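Summary of structural features
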Amino acid sequence: MNDTAKLSERIEALEVRLTYQDETIETLNQTITAQWKQIDALTRQIAELRDRLQEAERQAPGPANERPPHY
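This structure is a prediction, so every number in the text was calculated from the model and none was measured.

Further remarks concern the overall build of the chain. A tally of regular secondary structure across the chain gives one helix and zero strands. Against the globule reference of 11 Å for 71 residues, the chain gives a C-alpha radius of gyration of 30 Å, more extended than a compact globule. When the backbone C-alpha atoms are referred to their principal axes, the chain occupies close to 100 × 20 × 10 Å. The buried share of the chain, taken over its 71 residues, is 0%. Here the chain displays about 7,100 Å² of accessible surface, and carbon together with sulfur accounts for 56% of that area. Positive and negative side-chain charges of the chain, numbering 9 and 13 respectively, have mean locations separated by a distance of 7 Å.

Criteria and thresholds
- Residues numbered from 1 in each chain as written.
- Predicted model: local features only at pLDDT ≥ 70, side-chain atom pairs only at ≥ 80, totals over all residues.
- Heavy atoms only, no water.
- Helix = DSSP H or I, 4+ residues; strand = E, 2+ residues; numbered from the N terminus.
- Rg over C-alpha atoms; globule rule 2.2 N^0.38 Å.
- Buried < 20%, exposed > 50% of the residue type's maximum accessible area, 1.4 Å probe, protein only.
- Areas by Shrake-Rupley, 256 points an atom, 1.4 Å probe, with all protein chains shown as cover.
- Lys, Arg positive; Asp, Glu negative; His and termini not counted.
- Charge placed at Lys NZ, Arg CZ, Asp CG, Glu CD.

Okay, structure coming up:
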């Protein structure tokens, strides 16, 4: 095998490796983007639930640990 053939084979192997790495990076980017969207949605849900809980606590009569009057 001459030097040109060896060089062409090596270049082809490197191009295959780069293509694989590019595809892997793209897949990881898509996965990370999807996970961040989920995290963002869950963070907004938690904030909404916290607000609802605080509102319910404000509207509740008396201290939260007070026994009902019939005890």
